[in-house]
Amino acid sequence: VMEIDSITALREEAPAPDLLVSVVNGSRPAFHRALAEYAYESDIDWLPSRLVGGEIRLGPLMQPGQGACYNCYYERSLASVDQPAAVGAGKERQETEERQPNYPEPIVGLQHVATRLEVLHITSADRRPTTEETVLAIDAFSFDRSSESVLKLPGCEVCGQN
């Protein structure tokens, strides 16, 4: 386990991991796009974990050369709105770390536990990852779960054309 403060630090200081897991407060699309690019270029599996609003969002698990990446997910989420650029900029502002509430320790702990359980699914030979081509959302207050399938985006700037 290693804590970094920038993508540059990850590129320059860290040995390439077998599995990259990011755990952040807020959605932080630009940060996640940079991580997706790094993981794809480095041929590393990557699991993003985000705490946004009162929801823990895990995935999609990015496995270079297989399925959809985080950028496919994010770009598709913008594609269904009237003004994608304005909505994207608004999401970026609303979902930054600074705009997220100061979560109580049990909610942050729940995010860490959910992320660790998914890592067990990813690394176990006898289990299938819950986040494979899926974003798993867990309501941190009610524990309700939902999932959203993620399809590859034709011409994705990160994972290429399909």
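Participant: I keep staring at a nonpolar patch on the surface and nothing clicks. Help me out?
Facilitator: Taken together, Val113, Leu117 and Leu120 make up a surface patch of nonpolar side chains, about 270 Å² in accessible area. Mapped onto the fold, Val113 is located in helix 5 (residues 105–123). A relative accessible area of 43% places Val113 in the partly exposed class.

Participant: It is not clear to me how the pattern of salt bridges should be interpreted in this structure. Could you clarify?
Facilitator: Side chains carrying opposite charge are able to pair once their charged atoms draw close together. In this structure the tally under the stated criterion is four salt bridges. Glu55 is the partner of Arg57 in a salt bridge, and the nearest nitrogen-oxygen pair spans 2.9 Å. Under the relative-accessibility criterion, Arg57 is labelled buried at 18%. A residue is classified by how much of its surface remains accessible, and Glu55, at 26% relative accessible area, is partly exposed. For Arg128, the salt bridge is made with Glu132, and the minimal N-O distance between the two is 2.9 Å. The exposure class of Glu132 is partly exposed, given its relative accessible area of 24%. Connected through salt bridges with shared partners, the residues Arg33, Glu37 and Glu157 form a single ionic network.

Participant: Is there a simple way to explain the environment of Leu61 in this structure?
Facilitator: Structurally, Leu61 is set in the loop between strand 3 (55–58) and helix 3 (70–79). In this structure Leu61 comes out as buried when scored by relative accessible area, which is 2%. Residues Leu61 and Glu133 lie 72 residues apart in sequence; the distance between their C-alpha atoms is 6.6 Å.

Participant: What is the right way to read helix 2 (residues 29–42) from this model?
Facilitator: Residues that lie three or four places apart on an α-helix share one face, since the helix turns once every 3.6 residues. For helix 2, which comprises 14 residues, the first-to-last C-alpha distance of 20 Å matches the rise-based estimate of 20 Å (1.5 Å per residue) to within 8%. Pro29, His32, Leu35, Ala36, Tyr38 and Ala39 are the residues of helix 2 that are buried. Immediately downstream of helix 2, the backbone of Asp43 shows phi near 55°, a positive value.

Participant: Before we go on, may I ask you to explain the confidence of the model for the protein chain in this structure?
Facilitator: Close inspection of predicted coordinates is inappropriate in any region flagged by low pLDDT. Scored by pLDDT, the protein chain has a mean of 83; 80% of the residues are at 70 or more. Of all the helices and strands in the protein chain, helix 4 (residues 84–94) carries the lowest mean pLDDT, 54, while strand 4 (residues 134–139) carries the highest, 95.

Participant: Quick question: what am I supposed to make of the nonpolar core here?
Facilitator: The nonpolar side chains of a soluble globular protein tend to be buried with one another. One finds Leu20, Trp46 and Cys69 to be the most contacted residues of the largest nonpolar core, which totals 22 residues. Elements with a minimum of two residues in this core: helix 1 (7–13), helix 2 and helix 3. Those residues in contact with Leu20, other than ones at most four positions away along the chain, are Leu10, Leu35, Tyr38, Ile44, Asp45, Trp46 and Leu47. Leu51, Ile56, Ile107 and Ala114 belong to the second largest nonpolar core, which has nine residues in total.

Participant: Explain the pairing of strand 5 (residues 145–149) here, please?
Facilitator: Looking along a regular strand, one sees the side chains alternate between the two faces of the sheet. For strand 5, a buried count of zero out of five residues is recorded, marking the element as mostly open to its surroundings. Where strand 4 and strand 5 come together, five bridges link them in antiparallel fashion. By the bridge assignment, Val135 is partnered in strand 5 with Glu148. Between strand 4 and strand 5, which follow one another and run antiparallel, lie five residues, and Phe143 among them has a positive phi close to 70°.

Participant: Please explain the packing of helix 2 against helix 3 as it appears in this structure.
Facilitator: Between two packed helices, the angle of one axis relative to the other and the distance separating the axes together describe the packing. The contact between helix 2 and helix 3 brings their axes to 9 Å, and the two run at 145°. Along the contact surface, helix 2 presents Pro29, His32, Arg33 and Ala36, while helix 3 presents Tyr70, Asn71 and Tyr74. Of the residues that constitute the contact of helix 2 with helix 3, the class distribution is four nonpolar, two polar and one charged.

Participant: Please clarify how the packing of aromatic side chains should be interpreted in this entry.
Facilitator: Aromatic ring pairs are defined here through the distance separating the ring centres and the angle between the ring planes. Inspection of every chain in the model, using the stated rule, returns three aromatic pairs. Members of the aromatic cluster, connected to one another through ring pairs, are Trp46, Tyr70, Tyr73 and Tyr74.

So, how was this worked out
Residues numbered from 1 in each chain as written. Predicted model: local features only at pLDDT ≥ 70, side-chain atom pairs only at ≥ 80, totals over all residues. Heavy atoms only, no water. Patch = residues over 30% accessible without salt bridge, like charges linked within 9 Å, V, L, I, M, F, W, Y side chains within 5 Å. Areas by Shrake-Rupley, 256 points an atom, 1.4 Å probe, with all protein chains shown as cover. Salt bridge = Lys/Arg side-chain N within 4 Å of Asp/Glu carboxyl O. Helix = DSSP H or I, 4+ residues; strand = E, 2+ residues; numbered from the N terminus. Buried < 20%, exposed > 50% of the residue type's maximum accessible area, 1.4 Å probe, protein only. Expected span 1.5 Å × (residues − 1). pLDDT = per-residue confidence, 0-100. Core = buried A, V, L, I, M, F, W, Y, C linked by side-chain atoms within 4.5 Å. Contact = heavy atoms within 4.5 Å. Pairing = 2+ DSSP bridges. Axes fitted to C-alpha atoms, helices over the stretch in contact; angles between N-to-C directions. Nonpolar A, V, L, I, M, F, W, Y, C, P; charged D, E, K, R; others polar. Phe/Tyr/Trp six-rings, centres within 6.5 Å; stacked < 30°, edge-to-face > 60°.

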